[in-house]
Amino acid sequence: MLQFRVIVLVLGITSLAGCGKNPDAWSSSAGDSLHRGLAVGFVVNNEGVSALKSHERLRYSDKLASAILQYNPALTGNLDSYSYVEARVGKPFSDLISRYRLEGDLSDRALTQLHNSQLRRRYLMLATILPVNKVVELPADVTPRSGPANYDIEDYEDVRLQTVRLREVKVQVYDLLSRRKIQDLTFGSDNQNKMIAAETEGRRYVGNSLLAAIANGVSNRIRHGTDLSHPAAPDSDMTLDHLWSQAAQNLPAPLRDR
């Protein structure tokens, strides 16, 4: 029987809404708070691509923050996401996002602005979804098999077809205490030979025996899917979830080595 499934190579990520506490609860003891934890500020689309809406930035940054907690449980209680940063920065937040999309980095002015906002986390992570969105049909994986009418001849093939979606994100981490960038990495959905793939399996008759073809024809067409084709690729969000997990597993040393 024709089978279809999506192979998820990493654990699913649960949405994380409001990682931080009420911004008004921030301690005035900046010397203590700025030495702890991470804030996931926002996720943006690359300049030249339609800007994400606010609720999309919230959703993606919360997914990224959730992945970070999944792979770095020591950060529990020391991680904030989009809602907290937006509330802490206030009205200039929208302009800060627009300038980051245009420039691709936080300027000295922006770093000073964020430092003065007194985020309770020393480190700030920002991510940019790059304009890479390509569907690739991988070569078929074929295994010869014998059929019900020809036990001594491998006149059937079990066929596995996989389709992947290629996406890329750039992830940066800034140290708000020293006001410098400490990480700038690009993650692709084909990094480290790990991908999210949609998969179809089936069996087809490839022999040249007329008698066998007639004997097995109906069964082959109905149960084994003669006309196999590649499945549709995983959707974009599923592929991005895979990239958030890559970023979560590659935090800079000051955050990873706790």
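Our subject is the structure listed above.
A. Molecular detail of the overall build of the chain. Summing up its helical and strand segments, the chain has eight helices and eight strands in all. Each of the 258 residues in the chain was classed as buried or not, and the buried ones make up 47%. Sequence separation of at least 24 residues holds for 78% of the intrachain contacts in the chain that already meet a minimum separation of 6. In the structure as shown, the chain presents an accessible area of about 13000 Å², 50% of it carried by carbon and sulfur atoms.

B. Inspection of the pattern of salt bridges at higher detail. Scanning all chains against the criterion turns up 11 salt bridges. Lysine 181 is the partner of aspartate 105 in a salt bridge, and the nearest nitrogen-oxygen pair spans 2.6 Å. Within this pair, whereas aspartate 105 is found in the loop between helix H4 (93–103) and helix H5 (108–116), its partner lysine 181 is found in strand S7 (residues 180–188), the two being separated by 76 residues in sequence. According to the relative accessible area criterion, aspartate 105 is partly exposed, its value standing at 28%. Residue glutamate 199 pairs with arginine 160 through a salt bridge whose shortest N-O separation is 3.8 Å. On the criterion of sequence distance, the pair formed by glutamate 199 in strand S8 (residues 197–205) and arginine 160 in strand S6 (residues 156–175) is long-range, its members being 39 residues apart. We classify glutamate 199 as buried; its relative accessible area is 1%. A single network of salt bridges, built from pairs that share partners, joins Asp80, Arg120 and Arg121.

C. Inspection of H4 at higher detail. Along H4, the residues that are buried comprise Phe93, Leu96, Ile97, Arg99, Tyr100 and Arg101. Where H4 is buried, its residues touch strand S2 (38–45), helix H2 (54–71), helix H3 (82–89), H5, strand S4 (123–137) and S6. After H4 finishes, the residue glycine 104 shows a positive phi value of roughly 80°.

D. Local environment of the environment of proline 139. Considering the arrangement of structural elements, one finds proline 139 in the loop between S4 and strand S5 (141–145). Classification of proline 139 by relative accessible area gives exposed; the value is 72%. Placed 22 residues apart in sequence, proline 139 and leucine 161 show a C-alpha to C-alpha distance of 7.2 Å.

E. Quick peek at the packing of aromatic side chains. Counted by the stated rule, this structure contains four aromatic pairs. Residues phenylalanine 42 and phenylalanine 93 carry aromatic rings whose centres are separated by 5.7 Å and whose planes lie at 75° to one another, so their mutual orientation is edge-to-face. Pair noted here: phenylalanine 42 is in strand S2 and phenylalanine 93 is in helix H4, with a separation of 51 residues, a long-range link. When its relative accessible area of 3% is taken as the criterion, phenylalanine 93 is described as buried. Summarising the aromatic geometry, the rings of tyrosine 82 and phenylalanine 93 are spaced 5.5 Å apart at their centres and angled 70° between planes, so their arrangement reads as edge-to-face. Taken as a pair, tyrosine 82 in helix H3 and phenylalanine 93 in helix H4 lie far apart in primary sequence, 11 residues in all. Looking at tyrosine 82, the relative accessible area reads 1%, which means it is buried.

F. Representation of H2. The end-to-end C-alpha separation of H2 is 26 Å, in line with the 26 Å expected for 18 residues at 1.5 Å each. Within H2, burial applies to Arg57, Tyr60, Ser61, Asp62, Lys63, Leu64, Ala65, Ser66, Ala67 and Ile68. Taken together, the buried residues of H2 touch S2, strand S3 (79–80), H3, H4, S4 and helix H7 (236–248).

G. Fine view of the nonpolar core. One finds Leu64, Ile68 and Trp244 to be the most contacted residues of the largest nonpolar core, which totals 26 residues. Where this core is concerned, the elements lending two or more residues are S2, H2, S4, S6 and H7. If sequence neighbours within four positions are ignored, isoleucine 68 has contacts with Leu38, Val40, Leu75, Leu79, Met125, Ala248 and Leu251. Within the second largest apolar cluster, 20 residues are counted, among which are Tyr84, Val85, Leu96 and Leu124.

H. Up close: the pairing of S7. Of the pairings in the sheet, the one linking S6 to S7 comprises eight bridges and is antiparallel in character. What sits directly across from valine 173, in S7, is glutamine 183. Connecting S6 to the antiparallel partner S7 that follows it, the hairpin turn spans four residues, and arginine 179 within it adopts a positive phi of roughly 60°.

I. Highlighting the pairing of S2. Extensive coverage of S2 is indicated by the burial of eight of its eight residues. The sheet contact formed by S2 and S3 spans two bridges and is parallel. Paired with alanine 39 across the strands is aspartate 80, a residue of S3. The pairing of S2 with S4 spans seven bridges and is parallel. The partner of valine 43 across the bridge, within S4, is alanine 127.

Rules of the game
- Residues numbered from 1 in each chain as written.
- Predicted model: local features only at pLDDT ≥ 70, side-chain atom pairs only at ≥ 80, totals over all residues.
- Heavy atoms only, no water.
- Helix = DSSP H or I, 4+ residues; strand = E, 2+ residues; numbered from the N terminus.
- Buried < 20%, exposed > 50% of the residue type's maximum accessible area, 1.4 Å probe, protein only.
- Contact = heavy atoms within 4.5 Å.
- Areas by Shrake-Rupley, 256 points an atom, 1.4 Å probe, with all protein chains shown as cover.
- Salt bridge = Lys/Arg side-chain N within 4 Å of Asp/Glu carboxyl O.
- Phe/Tyr/Trp six-rings, centres within 6.5 Å; stacked < 30°, edge-to-face > 60°.
- Expected span 1.5 Å × (residues − 1).
- Core = buried A, V, L, I, M, F, W, Y, C linked by side-chain atoms within 4.5 Å.
- Pairing = 2+ DSSP bridges.

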